[in-house]
Amino acid sequence: RNMRASLIMVLLLLCTWSCTEMVNGQQQQQQQRSCRGQHLRAQQPYETIRSEAGTIELSTRQDNDELDCAGVEIIRETIERDGLSVPRFHNTPQIVYVVEGEGRFGVVFPGCPETFRRPPFGAGQGECQRRRRGSGQEEEREEEEGGSEEQRTRRDRECARDESSQKVRRVRRGDVVAIFAGAAHWWYNDGDKPLRIVAIADSSNYQNQLDKSYRPFFLAGSPATRERREKLGEGRNYGGNMLAGFDANMLAEAFGVSKNTAINLQENNQGRGLHIRVTEQRRRRPGQILSLAEEDTDDDSRPAENGLVQLFCNMRLRHNADNPEDADVFVRDGGRLNTINRFKLHALTHLNLAAERGVLRPRALFAPSWLSSHAILYATRGEARIQVVENRGRRVFDGRVQEGQFLVIPQFYAVMKRAGDQGFEWITFTTSHSPIRSSFTGRNSVLKAMPQEVVMNAYNISRREAHELRWNREHEFLILPPRQQDYERGRSDQ
């Protein structure tokens with residue numbers, strides 16, 4: 001009987017293992033089918049969601065084979081001046097790049113202390129600070145109006161609560177921002193021009209336990225209309241206030257407020273969409289301008305009270321990628337490359353995402369190379385001719401990528417770029433927190449690292465040709481400045 005029970009147990013384990021392998025195999029085959037040799041395209045996000053003070057543009061995996069291959073979706077968001085992108089969270093981690101403008105970014109980690117004491121709208125003092133900085137006239141007025149010292153202390157404490165929040169970060173052009181799945185966050189544009197950001201949502205990431213779709217969950221706002229470029233599906237709603245789905249009486253009891261207040265939470269912003277314009281009466285007037293150092297002090301070195309504070313509350317979530325002094329590759333007449341990976345921004349370790357910020361001077365060349373992860377390139381300025389080659393030596397893309405377009409480059413596909421006459425700038429998002437880039441040419445060339453005889457026989461070339469192939473660019477790395485004949489040849493090709 002014991003042997004029979006053991007045999008049944010073994011058979012059950014084998015059956016479970018076989019079913020698991022079958023499911024994994026089907027998922028791998030599905031992924032492989034979606035990444036099978038296809039022609040790539042330079043494209044724009046094709047869905048637009050318009051609101052009172054901004055727009056969201058996106059392309060999804062469901063309708064885009066290239067994004068489905070990479071397992072990501074791309075989002076471009078524009079927030080107008082004095083616009084608030086309403087609080088939200090999503091089922092996927094995101095990596096964001098600030099293309100233009102400046103503003104404020106807030107993210108909430110449950111359990112972290114509300115130690116921030118600045119009002120988010122207007123870069124000035126809060127009411128409590130003005131009271132603390134006020135002269136003795138304020139105290140004399142309060143004494144005349146009556147009230148004990150205990151009452152004044154209670155009012156000060158309540159005032160401080162009203163102005164407390166978790167950290168609010170200043171963001172500006174060039175910042176790369178990491179956002180965890182499930183972390184509620186918001187954006188506010190207090191600058192003089194639109195705040196433009198572009199991001200990828202990694203829906204294939206382990207943090208997403210829903211389906212393969214990117215799903216934003218909005219804590220406020222109202223549904224906005226999705227518009228597609230080809231006009232298919234126009235009129236569908238996007239987003240919506242999660243609180244609107246609850247019963248008003250239960251919601252009022254949960255918050256400890258009146259039913260009317262609960263109904264206001266559900267209905268007050270109907271018709272305004274997902275970007276709300278902050279009105280004058282709801283925006284505190286600035287009393288003084290805060291410096292970036294006062295407002296954004298991401299400090300991992302402060303003593304932590306517990307593991308949660310150490311891991312999340314003090315974590316740096318942004319790093320500027322437009323700083324030439326921080327460049328990993330800098331070529332005077334060629335351009336530069338800034339890599340933002342887990343070594344520069346530790347939060348990316350938990351997201352398994354990274355970014356590269358590239359700048360090419362006019363007619364400069366980015367050497368043929370490949371990455372160990374999927375890459376989504378987004379052009380931020382200028383244009384470039386880009387070629388992408390797959391494993392069979394077939395060119396799957398050969399065309400120009402212009403400002404505002406994106407291009408998906410599958411894992412290990414080789415890519416080469418030549419900037420146009422106005423130069424080329426881009427941000428590349430990668431689906432690994434520390435991808436490895438290998439190059440055909442330059443100081444770290446894979447061919448230079450091989451024995452010369454191997455190169456000679458592999459390409460059936462002479463010893464002199466093999467030597468030139470391996471050593472002619474030994475002092476350069478990835479970014480190759482234009483030569484005079486290259487510049488003239490490029491002009492003639494246009």
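For every chain, the first residue of the written sequence is number 1, and numbering continues from 1 onward in sequence order. Thresholds applied to this predicted model are a pLDDT of at least 70 for local features of residues and 80 or more for the giving and counting of side-chain atom pairs; totals over whole chains, interfaces and linings are not thresholded and use all residues. With hydrogens and water set aside, each side-chain value is computed from the structure's full complement of heavy atoms.

## Topic: the overall build of the protein chain
Working step 1: Secondary structure elements follow DSSP: runs of H or I of four or more residues count as helices, runs of E of two or more count as strands, with numbering from the N terminus. Scanning the protein chain from terminus to terminus reveals 13 helices and 25 strands.
Working step 2: Split into buried and exposed, the 494 residues of the protein chain put 47% on the buried side.
Working step 3: Contacts in the protein chain between residues at least 24 apart in sequence constitute 75% of all its contacts with a sequence separation of at least 6.
Working step 4: Using a 1.4 Å probe, accessible areas were evaluated by the Shrake-Rupley method; residue-level cover was limited to the displayed protein chains. Of the accessible surface of the protein chain, which amounts to about 26,100 Å², a share of 48% is contributed by carbon and sulfur atoms. Exposure categories follow from relative accessible area, calculated using a 1.4 Å probe and restricted to protein chains: below 20% of the type maximum is buried, above 50% is exposed, and the middle band is partly exposed. Note on definitions: a residue-residue contact is assigned when non-hydrogen atoms from the two residues lie within 4.5 Å.

## Looking at the environment of Ser439
Working step 1: Locating Ser439 in the fold gives a position in strand β24 (residues 437–439).
Working step 2: When its relative accessible area of 3% is taken as the criterion, Ser439 is described as buried.
Working step 3: On a C-alpha basis, the gap between Ser439 and Val415 in space is 9.7 Å, while along the polypeptide they are 24 residues apart.
Working step 4: In this structure, Ser439 is in contact with Ala367, Pro368, Ser369, Asn444, Ser445, Val446 and Leu478, ignoring residues within four places of it in sequence.

## Structural notes on a nonpolar patch on the surface
Working step 1: Patch membership requires more than 30% relative accessible area and the absence of a salt bridge. Residues of like charge join within 9 Å; the nonpolar side chains Val, Leu, Ile, Met, Phe, Trp and Tyr join within 5 Å. By definition here, a salt bridge exists when the distance from a side-chain nitrogen of Lys or Arg to a carboxyl oxygen of Asp or Glu is within 4 Å. Taken together, Phe255, Val257 and Leu265 make up a surface patch of nonpolar side chains, about 240 Å² in accessible area.
Working step 2: Mapping Leu265 onto the fold places it in helix α7 (residues 259–267).

## Regarding the confidence of the model for the protein chain
Working step 1: One confidence number per residue, pLDDT, is output by the predictor and ranges from 0 to 100. In the predicted model, the protein chain carries a mean pLDDT of 81, and 72% of its residues have values of at least 70.
Working step 2: This model gives residues 285–296 a pLDDT under 50, and the stretch forms 27 contacts once residues within four places in sequence are excluded.
Working step 3: Counting interchain partners and residues more than four positions distant, the pLDDT-below-50 stretch residues 300–304 has seven contacts.

## Describing the state of the cysteines
Here, disulfide denotes a covalent bond that connects the sulfur atoms of two cysteines.
Working step 1: Disulfide: a pair of cysteine sulfur atoms within 2.5 Å of each other. A full pass over the atoms with the stated rule returns one disulfide.
Working step 2: With its sulfur 2.0 Å from that of its partner, Cys112 forms a disulfide with Cys313. Measuring handedness by torsion sign, the sulfur bridge of Cys112 and Cys313 sits at about -90° and is left-handed. In this pair, Cys112 sits in the loop between β6 (102–107) and α3 (127–133) while Cys313 sits in helix α9 (residues 307–313), placing the two residues 201 residues apart along the sequence. The pair Cys112 / Cys313 is uniform in exposure class, with both members buried.

## Some words on the pattern of salt bridges
Working step 1: Applying the stated rule across the entire model yields 29 salt bridges.
Working step 2: When the shortest N-O distance is used, the salt bridge between Arg173 and Asp322 registers 3.9 Å. Pair noted here: Arg173 is in the loop between β7 (168–172) and β8 (175–179) and Asp322 is in the loop between β15 (318–320) and β16 (329–331), with a separation of 149 residues, a long-range link.
Working step 3: For Arg173, a relative accessible area of 44% puts it in the partly exposed group.
Working step 4: In this structure Asp322 comes out as buried when scored by relative accessible area, which is 18%.
Working step 5: Glu356 is the salt-bridge partner of Arg437, the closest N and O atoms lying 2.8 Å from each other. Of the two residues, Arg437 is situated in strand β24 and Glu356 in strand β18 (residues 354–360); the sequence distance between them amounts to 81 residues.
Working step 6: Here Arg437 falls in the partly exposed class, since its relative accessible area comes to 21%.
Working step 7: The exposure class of Glu356 is buried, given its relative accessible area of 7%.

## Let's talk about the packing of helix α6 (residues 248–255) against α7
Working step 1: For helices, the fitted line uses only the C-alpha atoms of the stretch in contact; every axis is such a line through C-alpha atoms, and the angle between N-to-C directions lies from 0 to 180 degrees. With their axes 8 Å apart at the nearest point, α6 and α7 run at an angle of 105° to one another. The orientation of α6 with respect to α7, classified from their angle, is roughly perpendicular. Across from Ala248, Asn249, Leu251, Ala252 and Phe255 in α6, the residues of α7 making contact are Lys259, Ala262, Ile263, Leu265 and Gln266.
Working step 2: Each residue is assigned to one class: nonpolar for Ala, Val, Leu, Ile, Met, Phe, Trp, Tyr, Cys and Pro, charged for Asp, Glu, Lys and Arg, and polar for all the others, Gly among them. Classifying every residue of the contact of α6 with α7 by side-chain character gives seven nonpolar, two polar and one charged. When describing relative orientation, an angle under 35 degrees is termed roughly parallel and one over 145 degrees roughly antiparallel, while 65 to 115 degrees is termed roughly perpendicular and anything else oblique.

## Description of the packing of aromatic side chains
Working step 1: Two aromatic rings from Phe, Tyr or Trp, using only the six-membered ring of Trp, form a pair when their centres are within 6.5 Å; if the ring planes differ by under 30 degrees the pair is stacked, by over 60 it is edge-to-face, and anything between is tilted. Scanning all chains against the criterion turns up six aromatic pairs.
Working step 2: Ring geometry for Phe105 versus Trp187: centroids 4.5 Å apart, planes at 40°, classification tilted. Taken together, the residues span a long stretch of sequence, with Phe105 in strand β6 and Trp187 in strand β9 (residues 185–188) at a distance of 82 residues. Comparing Phe105 with Trp187, the two get one shared label, buried.
Working step 3: For the pair Trp370 and Phe440, a centre-to-centre distance of 5.2 Å together with 65° between the ring planes defines the contact as edge-to-face. Placement of the pair is Trp370 in strand β19 (residues 365–371) and Phe440 in the loop between β24 and α11 (452–459), with a sequence separation of 70 residues.
Working step 4: The partly exposed category is assigned to Phe440, whose relative accessible area is 33%.
Working step 5: By the ring-pair criterion, three or more aromatic residues cluster together here, those being Phe366, Phe424 and Trp426.

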